[in-house]
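# A closer look at the structure
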Amino acid sequence: VCLVGAAGFGLWLVRGRQVEWRTRVQVGTPFHQTPVFTDLMTYLVLNPSWTVPPGILRNETLPATRRDPGYLERNRMTVVAGDGSAVDPATVDWEAAARGRFSYQIRQEPGPENALGRVKFMFPNPHMVYLHDTPSKALFQRADRAASHGCIRVEGPLTLAEMLLEEDPAWTRGRIDRALASGVTTTVNLPRPLTVMLLYWTAEATAEGAVHFRRALYGRDAALLAHLDEPYRASPPQGAGEALRRP
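Reference entry: report on the structure contained in this document. (Residues numbered from 1 in each chain as written. Predicted model: local features only at pLDDT ≥ 70, side-chain atom pairs only at ≥ 80, totals over all residues. Heavy atoms only, no water.)

### Some thoughts on the sheet that holds strand 7 (residues 86-87)
The 4 strands lie next to each other as 5-8-6-7, forming an open sheet whose pairing is antiparallel. Edge positions in the open sheet fall to strand 5 (50-51) and strand 7, since each of these has one partner strand only. Two elements, strand 5 and strand 8 (residues 105-108), share 2 bridges in a ladder whose sense is antiparallel. Pairing of Trp50 across the sheet is with Gln108, part of strand 8. (Pairing = 2+ DSSP bridges. Helix = DSSP H or I, 4+ residues; strand = E, 2+ residues; numbered from the N terminus.)

Pasting the structure below:
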């Protein structure tokens, strides 16, 4: 199990009942909160490209491109048509794009400054959230690491990649390093799917009985406490009463 605690900015790789590895992470800001859900990680990508998500494209990338004609080239970004072909940015009507008429995607090519870094860990989900490397490594030194648009940026991602692939003798750390050095985008299936749990808690008890409290990063505690203070109301599953009346 790969367990992420958003309020504590931590990731734990747990096998059996043992924590085999832990590291620091960056999570979503209060405005771009990391969601809570469970899914299965099935593959990772070395030297990933990054297709700018619709929200970031609309609110950040398109306005930046309109203000600064050199923005795309400086950030190794390509305008991409629906058939996957590259489009010359000079042919795009950026004024119309600013008004919501933009029929292309923008892709950041693989490289050291790619927003996903050198590796991403994929568990496809409707939130478009996953684990990945980051060029913003200095942010790991902060106590408050709420810095992303919702994805989880992992400190030491190549160690995590090596551990997840250790059951596949073809993917040694040496081969991972050679694949990264090639600059070619490479998809690697995990030997077995891994459960990923993205969770949020602000209090935890240690084995010694001490309780540690985290800052309520997303301000969810008040609503939870309000629900806990409400009178208990039993809600039997639909049809349960009818089933009980059957002879």
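### Thoughts on the packing of aromatic side chains
This model, assessed by the stated rule, comprises 5 aromatic pairs. Considering the side-chain rings of Trp94 and Phe102, the 5.7 Å spacing of their centres and the 25 degrees angle between planes classify their relative orientation as stacked. A relative accessible area of 17% means that Trp94 is categorised as buried. The exposure class of Phe102 is buried, given its relative accessible area of 17%. Here the aromatic residues Trp94, Phe102 and Tyr104 are joined through ring pairs into a cluster of three or more. The residue whose ring lies beneath Arg175 is Trp171, and the NZ or CZ to ring-centre distance is 3.9 Å. (Phe/Tyr/Trp six-rings, centres within 6.5 Å; stacked < 30°, edge-to-face > 60°. Buried < 20%, exposed > 50% of the residue type's maximum accessible area, 1.4 Å probe, protein only. Lys NZ or Arg CZ within 6 Å of the ring centre and 35° of its normal.)

### So, the environment of Thr78
Mapped onto the elements of the fold, Thr78 is located in strand 6 (residues 77-80). Considered as a pair, Thr78 and Leu3 are 75 residues apart in the sequence and their alpha carbons are 34 Å apart. Residue contacts for Thr78: discarding those within four places in its chain leaves Ala86, Gln105, Ile106, Arg107 and Glu109. There is a polar contact of 2.8 Å between the side chain of Thr78 and the side chain of Glu109. (Contact = heavy atoms within 4.5 Å. Polar contact = N/O pair within 3.5 Å; in protein donor to acceptor, adjacent residues only side chain to side chain.)

### What about the packing of helix 4 (residues 157-164) against helix 5 (residues 173-182)?
How two helices pack is summed up by the angle between their axes together with the distance between the axes. Here helix 4 crosses helix 5 at 130 degrees, and the two axes come no closer than 10 Å. Here helix 5 runs oblique to helix 4, going by the angle between their axes. Between helix 4 and helix 5 lies a crossing of right-handed hand. Counted together, Leu158, Thr159, Ala161 and Glu162 of helix 4 and Arg173, Ile176 and Leu180 of helix 5 form the full contact between these two elements. A per-class count over the contact of helix 4 with helix 5 returns 4 nonpolar, 1 polar and 2 charged. (Axes fitted to C-alpha atoms, helices over the stretch in contact; angles between N-to-C directions. Parallel < 35°, antiparallel > 145°, perpendicular 65-115°, else oblique. Left-handed = near helix turned anticlockwise from the far one by under 90°. Nonpolar A, V, L, I, M, F, W, Y, C, P; charged D, E, K, R; others polar.)

### Here we look at the pattern of salt bridges
In total, this model carries 13 salt bridges according to the counting rule given. The salt bridge partner of Asp68 is Arg74, with a shortest N-O separation of 2.5 Å. Accessibility expressed as a relative area gives 26% for Asp68, which makes it partly exposed. For Arg74, a relative accessible area of 55% puts it in the exposed group. A network of salt bridges, in which partner residues are shared, links Arg15, Glu20 and Glu166. (Salt bridge = Lys/Arg side-chain N within 4 Å of Asp/Glu carboxyl O.)

### Focus on helix 1 (residues 54-67)
When the terminal C-alpha atoms of helix 1 are compared, their 19 Å separation across 14 residues agrees well with the 20 Å that a helix rising 1.5 Å per residue should span. Of all the bends found along helix 1, the most pronounced is centred on Thr61 and spans about 35 degrees, while Pro63, a proline, follows it within four residues. Turning to helix 1, its buried residues number three or more, namely Ile56, Leu57, Thr61, Leu62, Ala64 and Thr65. Each element contacted by the buried residues of helix 1 is listed here: strand 5, helix 2 (71-74), strand 6, helix 3 (94-98) and strand 8. (Expected span 1.5 Å × (residues − 1). Bend = angle between axes of the 7 residues up to and from the residue.)

### Structural notes on the pairing of strand 9 (residues 119-122)
Both faces of the sheet carry side chains from a regular strand, because those side chains alternate between them. Side chains of strand 9 alternate between two faces, with Val119 and Phe121 and Lys120 and Met122 buried alike. Relative to strand 9, strand 4 (residues 37-46) is paired through 4 bridges, and the arrangement is antiparallel. In the strand pairing of strand 9, Val45 is matched with Lys120.

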